[in-house]
Amino acid sequence: MAEDKSKRDSIEMSMKGCQTNNGFVHNEDILEQTPDPGSSTDNLKHSTRSILGSQEPDFKGVQPYAGMPKEVLFQFSGQARYRIPREILFWLTVASVLVLIAATIAIIALSPKCLDWWQEGPMYQIYPRSFKDSNKDGNGDLKGIQDKLDYITALNIKTVWITSFYKSSLKDFRYGVEDFREVDPIFGTMEDFENLVAAIHDKGLKLIIDFIPNHTSDKHTWFQLSRTRTGKYTDYYIWHDCTHENGKTIPPNNWLSVYGNSSWHFDEVRNQCYFHQFMKEQPDLNFRNPDVQEEIKEILRFWLTKGVDGFSFDAVKFLLEAKHLRDEIQVNKTQIPDTVTQYSELYHDFTTTQVGMHDIVRSFRQTMDQYSTEPGRYRFMGTEAYAESIDRTVMYYGLPFIQEADFPFNNYLTMLDTVSGNSVYEVITSWMENMPEGKWPNWMIGGPDSSRLTSRLGNEYVNVMNMLLFTLPGTPITYYGEEIGMGNIVATNLNESYDINTLRSKSPMQWDNSSNAGFSEASHTWLPTNSDYHTVNVDVQKTQPRSALKLYQDLSLLHANELLLNRGWFCHLRNDSHYVVYTRELDGIDRIFIVVLNFGESTLLNLHNMISGLPATMRIRLSTNSANKGSKVDTSGIFLDKGEGLIFEHNTKNLLHRQTAFRDRCFVSNRACYSSVLNILYTSC
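Rules behind the numbers
Residues numbered from 1 in each chain as written. Predicted model: local features only at pLDDT ≥ 70, side-chain atom pairs only at ≥ 80, totals over all residues. Heavy atoms only, no water. Helix = DSSP H or I, 4+ residues; strand = E, 2+ residues; numbered from the N terminus. Polar contact = N/O pair within 3.5 Å; in protein donor to acceptor, adjacent residues only side chain to side chain. Contact = heavy atoms within 4.5 Å. Pairing = 2+ DSSP bridges. Expected span 1.5 Å × (residues − 1). Buried < 20%, exposed > 50% of the residue type's maximum accessible area, 1.4 Å probe, protein only. Salt bridge = Lys/Arg side-chain N within 4 Å of Asp/Glu carboxyl O. 1 Å grid on protein atoms, 1.4 Å probe; cavity = no way out; pocket = protein on both sides within 12 Å on 5 of 7 lines; lining within 4 Å. Points joined across faces, edges and corners; volume = space filled by probe spheres on them. Nonpolar A, V, L, I, M, F, W, Y, C, P; charged D, E, K, R; others polar. Phe/Tyr/Trp six-rings, centres within 6.5 Å; stacked < 30°, edge-to-face > 60°. Lys NZ or Arg CZ within 6 Å of the ring centre and 35° of its normal. Axes fitted to C-alpha atoms, helices over the stretch in contact; angles between N-to-C directions. pLDDT = per-residue confidence, 0-100.

Draft legend 1. Region of the structure containing the side chain of S623. By secondary structure assignment, the location of S623 is in strand β22 (residues 617–623). Among the polar contacts listed, one links the side chain of S623 to the backbone nitrogen of N625, at a separation of 3.0 Å. When neighbours within four sequence positions are excluded, S623 is seen to be in contact with M467, L551, N628, K629, E644, G645 and L646.

Draft legend 2. The arrangement of the sheet that holds strand β6 (residues 239–240) in detail. Pairing is antiparallel in the open sheet, where 3 strands are placed in the order β6-β10-β9. Each of the sheet's edge strands pairs with one partner strand only, and the pair in question is β6 and β9 (264–267). Across 2 bridges, β6 lies against strand β10 (residues 272–275) in antiparallel orientation. The residue of β10 that forms the bridge with H240 is C273.

Draft legend 3. Representation of helix α11 (residues 290–305) in the model. Along its 16 residues, α11 runs 23 Å from first to last C-alpha, staying within 8% of the 22 Å computed at 1.5 Å per residue. Taken together, the buried positions of α11 are V292, E295, I296, K297, I299, L300, R301, W303 and L304.

Draft legend 4. Geometry of the pattern of salt bridges. Scanning the entire structure with this criterion turns up 25 salt bridges. Notably, a salt bridge pairs K280 with E281, separated by 3.1 Å at the nearest N-O pair. Here D369 makes a salt bridge to R365, at a shortest N to O gap of 3.0 Å. Linking D369 with R365, this pair stays in helix α12 (residues 357–369), spanning 4 residues, or about one helical turn. Note on R365: relative accessible area 1%, which makes it buried. Via salt bridges that share partners, E562, R591, R619, R621 and E649 belong to a single interconnected network.

Draft legend 5. The arrangement of helix α19 (residues 548–561) in detail. The end-to-end C-alpha distance of α19, which contains 14 residues, comes to 20 Å, matching closely the 20 Å that a straight helix rising 1.5 Å per residue would cover. Along α19, the positions that sit buried rather than exposed are A548, L549, L551, Y552, D554, L555, S556, L558 and H559.

Draft legend 6. Structural view of empty space enclosed by the protein. Taken as a whole and judged by the stated rule, the model has 2 cavities of 30 Å³ or more. The volume enclosed by the largest cavity comes to roughly 60 Å³. Along its surface, the largest cavity is lined by W440, P473, G474, L565, N566, R567, G568, R584, V668, S669 and N670. Class assignment for the residues of the lining of the largest cavity results in 4 nonpolar, 5 polar and 2 charged.

Draft legend 7. Inspection of the packing of aromatic side chains at higher detail. Going through the model one piece at a time under the given rule, you end up with 46 aromatic pairs. Taken together, a centroid distance of 5.5 Å and an interplanar angle of 45 degrees make the contact between F180 and F211 tilted. Residue F180 is located in strand β4 (residues 177–183), and its partner F211 is located in strand β5 (residues 206–211); the two are separated by 31 residues in the primary sequence. Over the face of the ring belonging to Y127 we find K506, whose NZ or CZ atom lies 5.7 Å from the ring centre.

Draft legend 8. Examining the sheet that holds strand β20 (residues 591–598) more closely. Reading across the sheet, the 7 strands line up as β23-β22-β25-β20-β19-β18-β26 and stay open at both edges, with antiparallel pairing between neighbours. The sheet terminates laterally at β23 (632–634) and β26 (666–667), the two strands that pair on one side only. Inspection of the sheet shows β20 paired to strand β25 (residues 645–651) by 7 bridges, in the antiparallel sense. If you follow V595 over to β25, its bridge partner there is I647. Those strands touched by helix α14 (residues 421–434) are β18 (569–575), β19 (579–585) and β26, and its axis lies near 150 degrees from that of β18.

Draft legend 9. Layout of the confidence of the model for the protein. With 89% of its residues at a pLDDT of at least 70, the protein reaches an overall mean of 89. Here residues 5–35 is modelled with pLDDT under 50, and outside its nearest four sequence neighbours on either side it reaches 32 contacts, counting other chains as well. Note that residues 37–54 has pLDDT below 50 and, in this model, 13 contacts with residues that lie over four places away or in other chains.

Okay, structure coming up:
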């Protein structure tokens with residue numbers, strides 16, 4: 001018996017070429033060899049089969065071990081104790097992945113659109129010639145803006161808006177552009193601009209610039225070529241035959257310039273009249289010429305490539321004029337036609353907002369969209385409609401499925417020469433009611449073309465108007481100096497060839513109480529500084545806890561950190577000739593802000609009667625008088641000084657926008673709800 005076993009082992013060892021495999025199966029490399037027919041190996045193999053028989057190996061009682069061949073592994077893997085846990089883990093993994101995918105899809109579907117950079121925080125509008133002089137020539141410049149970026153970020157500003165700095169003859173404040181691709185030397189060089197863009201982006205800010213598509217300077221190369229009828233430039237401007245005899249021009253029709261008198265001017269080179277909506281040095285481009293439209297788009301691409309984040313398109317309602325050249329209708333039909341010389345004396349039905357104008361604006365939007373594909377690099381588009389009614393201005397938002405401007409600039413608060421609770425309420429509700437659903441509002445209280453707030457309304461309204469700006473829904477826009485309460489200059493000899501009234505709000509920024517208010521080290525500045533710069537300046541107000549600058553910083557910080565203000569509902573409570581009262585609230589947050597702003601004389605307000613369930617006392621979150629911050633007041637008798645504003649914080653689950661009585665008095669741009677459990681916003685409220 002022992003001899004038989006020894007013989008079998010010997011035969012098997014001989015077959016395997018003296019290689020072992022733990023005694024279960026043959027080595028695969030040996031099995032893959034194809035021996036010659038009739039070889040001794042084949043005979044031995046046959047002998048082995050005869051000796052061992054045809055039964056499969058028996059694995060009963062054998063335990064898995066490291067390095068076992070796959071044939072053995074397969075035998076064990078099929079056993080229930082190994083197979084069932086493996087299948088359970090597999091299906092749990094599949095289920096987990098599906099749940100994660102479903103949860104991700106649900107979160108994306110239910111989450112509101114994130115606020116874009118132009119919605120997240122305030123814009124700061126700078127008139128560059130008056131902000132900061134870096135080279136001691138008495139004129140503000142691009143390097144000066146770069147030097148003051150730390151100050152801008154300290155205001156919690158998100159976007160810097162620089163008005164026109166293009167090469168220009170300076171007529172009408174650089175709005176008669178000689179070259180759209182050049183920086184006017186008074187502001188610096190293109191390298192200075194590129195450095196400024198890089199510095200702004202390094203600070204986490206965005207940059208938008210003015211763009212004036214309607215007209216150029218009469219010194220622009222295009223106009224010089226057009227007046228000599230050179231090639232494609234022949235029809236780049238609006239030319240028409242007119243009569244010119246003995247130095248007097250008889251224009252083609254009665255159309256008037258914004259600045260008065262005929263909008264037609266005779267050109268002796270071309271022997272025709274050209275059309276100008278503004279000054280005669282600013283001929284209108286012919287936007288019915290496709291080549292002109294393409295030229296303008298190329299200029300947009302030039303600045304977008306430079307890193308500009310958006311544009312403010314100026315005077316867009318003037319882009320097209322009627323082709324028929326019929327006279328416009330007089331406001332006073334009994335007035336003698338030859339005496340009609342002022343712009344306000346005609347209805348401008350043939351020279352503004354013509355059919356096709358919005359198509360041109362949309363084409364600008366499409367050009368900018370080509371540069372908005374990169375994440376985080378959306379290019380903003382704003383429009384300035386210039387003295388349009390609100391219902392016409394909001395048309396620049398576009399149609400539901402055809403976008404134009406992200407928003408048209410809302411300067412209607414700057415038009416208030418007197419202020420009351422009723423007038424402020426009228427501006428707010430008129431914009432919110434006319435604004436298309438889902439669009440984003442914005443608010444301005446000053447600008448280069450309007451009188452400064454303190455000169456228009458009074459020093460006592462600086463803080464309350466800034467509080468209004470930051471507690472309304474939408475993007476607040478601040479004109480430089482409004483944060484410290486700068487006023488118009490009163491000087492009469494300004495050594496400039498402009499209308500004095502348009503210069504008074506463009507005086508140099510007041511940085512400190514040194515010479516020229518810290519604006520320039522030059523012996524003379526392009527405009528004089530305001531006489532109050534010793535007390536109204538940045539350095540002084542930095543150290544004053546109750547200053548306008550300190551309140552502005554507190555308001556901008558509150559706006560940045562509170563969902564109630566940057567995403568919440570606006571609900572109007574009450575207004576009269578003195579005050580306006582409204583709330584800011586958001587579903588999912590069990591507290592509201594109640595904003596009380598007094599634009600009239602001192603008054604006593606019973607807030608308890610306006611809102612049911614209001615407690616007898618409430619805490620002041622922020623006040624135009626910093627001494628009141630954090631204090632509690634009796635809600636049935638709140639005394640308000642002239643120009644005083646209060647922000648109350650009230651814990652409640654009874655939100656006004658859910659109540660039937662307030663449904664028509666509540667507005668929201670992008671509806672959202674807050675989940676305190678998940679710390680996310682969602683739309684299915």
